[in-house]
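# Survey of secondary and tertiary structure
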2 protein chains.
Amino acid sequence: MFSAIKHLGQKAAQAIDVELMTTHGFTIEQLMELAGLSVADSIAAEYARGRVLLCIGPGNNGGDGLVAARHLTHYGYRVSLFYPKQPQKDLYKSLLRQCGAFQIPVVHDLAAAISDSDLIVDAIFGFSFSGTPRAPFDGVLDALRASDKPVVSVDVPSGWDVEEGDPAGTGLRPDMLVSLTAPKLCAAGFHGRFHYLGGRFVPPSMAQSLGLPSYPGTSNCIRLR
Amino acid sequence: MFSAIKHLGQKAAQAIDVELMTTHGFTIEQLMELAGLSVADSIAAEYARGRVLLCIGPGNNGGDGLVAARHLTHYGYRVSLFYPKQPQKDLYKSLLRQCGAFQIPVVHDLAAAISDSDLIVDAIFGFSFSGTPRAPFDGVLDALRASDKPVVSVDVPSGWDVEEGDPAGTGLRPDMLVSLTAPKLCAAGFHGRFHYLGGRFVPPSMAQSLGLPSYPGTSNCIRLR
């Protein structure tokens, strides 16, 4: 189903982000809010209200995770954050401050946090990532891979190549992938249970050229597979 | 129902906005995006997909309307804007640019636009308004009052006193009111068919002190009455 949907390479994904924020006038705060909301809505569509640990990376993928954490709290999940590398940019500091207003704890013992969770959100690396994960995130990915808790990856399974995926089969095996704006090329190698699309902010002309499906009703997300 | 919910005076509403944006670290772009989304979702819950004319004021209430216009387009409504006084602030210019990316027309003949619409959104004045509407908005309100098209007011029926409402009974008679964050005092004088609450961004402690009801599931809005 949805076979007409385009899968984006790294440069195409970056170009679309630039187009949204320059030509079309969106701010990063708006796009991130709607992206994170759609991640929370995708999770709420498939997983019982329980304990969710969000592993937050140092860039925009982490920002999406911080937004999702807030909305998941609205939805009745018990949420905590593992956020080992907190950038000083105002955007991320504000998002973390908002999580503070929601009493969302930031935890430091990853092993204990994984053990105390029902679901883990991988909001570590997004479509800008390339190369090999470095400390401390290499260790985080090892811990997630070793765990038997279901993992939800935001946009790209962290550690995977954005285009090639995980040909060696040694990386994360998420249970859910929430593609944002449009799937990235690596999504073809995703074989978990739930593939969702979120980020319902794409103007009609862009949506048509990307072959995006129509979201149902007022939903912020749509199940692709 | 929901009798415990607090109704806010003008100063209390302003203080809550400040608290959200300073203490809790929200940006205006985030709050406006979620507020406008909830206006669109409230409309989609009650009115058939048709032609919607949004009358946009010069401040934040108008900004909420510009966001709602975009989401209504996502939902399949045919949307147009009447926006007679466009401020030069980047925030509003960006929101209008986004509407441009959605091919949402800005119309200039109000009488024709009202006649061509199935539903009108009053996003003219919000909780900061006081005094008497001046040109061109006095004329816009006269035209809306004279029309038999249903009107949806965003947060406050424009022209009403934020606290006293419309004691003379000569002002707008909206069919729907979408209160944002929490109802304002004037909402007690609203006797239209649909009273909704939107703006699902309030931290739990603030929601509790305001006596806000729990939103259902992942919904961005809730019907109060």
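Now for a quick tour of the structure. (Residues numbered from 1 in each chain as written. Chains lettered and ligands numbered in written order. Predicted model: local features only at pLDDT ≥ 70, side-chain atom pairs only at ≥ 80, totals over all residues. Heavy atoms only, no water.)

Right, let's talk about the overall build of chain A for a bit. Counting its secondary structure elements, chain A contains seven helices and eight strands. The globule rule puts the C-alpha radius of gyration for 225 residues at 17 Å, and the 16 Å found for chain A is close to it. Considering only C-alpha atoms, chain A reaches an extent of 45 × 40 × 35 Å along its principal axes. Burial analysis of chain A (225 residues in total) assigns 60% to the buried set. A fraction of 73% describes how many contacts in chain A between residues 6 or more apart in sequence connect residues 24 or more apart. A total accessible area of about 8,800 Å² is found for chain A, and carbon and sulfur atoms account for 52% of it. Charge-centre separation for chain A: the mean point of 19 positive side chains lies 2 Å from the mean point of 21 negative side chains. (Helix = DSSP H or I, 4+ residues; strand = E, 2+ residues; numbered from the N terminus. Rg over C-alpha atoms; globule rule 2.2 N^0.38 Å. Buried < 20%, exposed > 50% of the residue type's maximum accessible area, 1.4 Å probe, protein only. Contact = heavy atoms within 4.5 Å. Areas by Shrake-Rupley, 256 points an atom, 1.4 Å probe, with all protein chains shown as cover. Lys, Arg positive; Asp, Glu negative; His and termini not counted. Charge placed at Lys NZ, Arg CZ, Asp CG, Glu CD.)

Bringing the relation of the copies chain B and chain A into the picture now. Under the fitted operation, chain B is carried onto chain A by 0.0 Å of movement along the axis and a turn of 180°, and the coordinates agree to an RMSD of 0.0 Å. Between the two chains, the operation in question is that of a two-fold axis. Of the residues that chain B buries at the interface, 100% are likewise interface residues in chain A, meaning the two copies contact each other through the same surface. (Least-squares fit on C-alpha atoms with pLDDT ≥ 70 in both.)

Interhelical geometry of helix H2 (residues 28-46) of chain A versus helix H2 (residues 28-46) of chain B gives an angle of 50° and a closest axis separation of 8 Å. Judged by the angle between their axes, H2(A) and H2(B) are oblique. Relative to H2(B), the crossing made by H2(A) is right-handed. Where H2(A) approaches H2(B), its residues Glu29(A), Gln30(A), Glu33(A), Leu34(A) and Leu37(A) are matched on the opposing element by Glu29(B), Gln30(B), Glu33(B), Leu34(B) and Leu37(B). Considering only residue class, the contact of H2(A) with H2(B) consists of four nonpolar, two polar and four charged. (Axes fitted to C-alpha atoms, helices over the stretch in contact; angles between N-to-C directions. Parallel < 35°, antiparallel > 145°, perpendicular 65-115°, else oblique. Left-handed = near helix turned anticlockwise from the far one by under 90°. Nonpolar A, V, L, I, M, F, W, Y, C, P; charged D, E, K, R; others polar.)

The next point concerns the interface of chain B and chain A. Counting residues at the interface gives 32 residues for chain B, matched by 32 residues for chain A. Regarding the contact of chain B and chain A, the summed buried area is about 2,700 Å², with carbon and sulfur atoms giving 59% of it. Among the residues chain B hides against chain A, the three largest losses belong to Gln30(B), Arg200(B) and Thr218(B). Together they make up 18% of the total. Summed over the shared surface of chain B and chain A, the result is zero salt bridges. Applying the counting criterion to the chain B and chain A interface returns 14 residue pairs in polar contact (both at pLDDT 80 or more). Elements supplying a minimum of two residues to the side of chain B that touches chain A: H2, helix H3 (60-74) and helix H4 (90-101) of chain B. If you tally residues by element for the side of chain B that touches chain A, the top one is H2(B), at seven residues. Here the residues of the side of chain B that touches chain A are counted per class, giving 12 nonpolar, 13 polar and seven charged. (Buried area = accessible area lost by both parts, 1.4 Å probe. Salt bridge = Lys/Arg side-chain N within 4 Å of Asp/Glu carboxyl O. Polar contact = N/O pair within 3.5 Å; in protein donor to acceptor, adjacent residues only side chain to side chain.)

Here we come to unusual backbone geometry. Residues and elements named next belong to chain A. Omega for the peptide link from Ala 135 to Pro 136 comes to 0°, which places this bond in the cis form. With respect to the helices and strands, Pro 136 occurs in the loop between strand S4 (119-123) and helix H6 (137-146). The backbone phi angle of Thr 181 is positive, close to 70°, even though this residue is not glycine. Mapped onto the elements, Thr 181 comes out in the loop between strand S6 (176-180) and strand S7 (194-198). We classify Thr 181 as buried; its relative accessible area is 9%.

The subject of this paragraph is the sheet that holds strand S5 (residues 151-154) of chain A. Residues and elements named next belong to chain A. Overall, mixed pairing links the eight strands, which are arranged S3-S2-S1-S4-S5-S6-S7-S8 in an open sheet. Edge positions in the sheet fall to strand S3 (106-107) and strand S8 (221-223), since each of these pairs with one other strand and no more. Direction of pairing for S5 relative to S6: parallel, over a ladder of three bridges. Within S6, the position partnered with Ser 153 by the bridge is Leu 177. H2 contacts S4, S5, S6, S7 and S8 of the sheet and is inclined by roughly 150° relative to S6. Along the sheet, helix H3 (residues 60-74) makes contact with strand S1 (51-56), strand S2 (78-82), S4, S5 and S6, crossing S1 at roughly 160°. (Pairing = 2+ DSSP bridges.)

Time to look at the packing of aromatic side chains. Within the structure shown, the criterion is met by six aromatic pairs over all chains. Both rings, one in Tyr47(A) and one in Phe194(A), keep their centres 5.7 Å apart while their planes meet at 90°; by these two values the pair is edge-to-face. On the criterion of sequence distance, the pair formed by Tyr47(A) in the loop between H2 and S1 and Phe194(A) in strand S7 is long-range, its members being 147 residues apart. Given the relative accessible area of 7%, Phe194(A) is considered buried. Consider the rings of Phe125(B) and Phe129(B), whose centres lie 4.4 Å apart with planes at 20°: the pair is stacked. (Phe/Tyr/Trp six-rings, centres within 6.5 Å; stacked < 30°, edge-to-face > 60°.)

All names here are of chain B. Here strand S1 (residues 51-56) lies mainly inside the structure; five of its six residues are buried. When S1 meets strand S2 (residues 78-82), the two strands line up parallel, connected through five bridges. In the sheet register, Leu 53 faces S2, and the bridge partner there is Ser 80. This β-α-β element, S1 to H3 to S2, shows right-handed connectivity. (Right-handed = clockwise from strand over helix to strand, strands pointing away.)

The next subject is the pattern of salt bridges. All names here are of chain B. Under the criterion given, the structure shown has 14 salt bridges over all chains. Between Asp 118 and Arg 51 there is a salt bridge; the shortest N-O distance is 2.9 Å. Taken as a pair, Asp 118 in the loop between helix H5 (110-115) and strand S4 (119-123) and Arg 51 in strand S1 lie far apart in primary sequence, 67 residues in all. Given the relative accessible area of 35%, Asp 118 is considered partly exposed.

Here Ser219(B) shows up in the loop between helix H7 (204-210) and strand S8 (221-223). At 2.6 Å, the side chain of Ser219(B) forms a polar contact with the backbone oxygen of Cys221(B).

All names here are of chain B. Taking 1.5 Å of rise per residue, 15 residues should cover 21 Å, and H3 covers 22 Å from first to last C-alpha, within 8% of that figure. When you tally the buried positions in H3, you get 13 out of 15 residues, the bulk of the element. Directly after H3, the chain includes Gly 76, whose backbone phi takes a positive value near 100°. (Expected span 1.5 Å × (residues − 1).)

On their own, these measurements won't tell you what the molecule is for.
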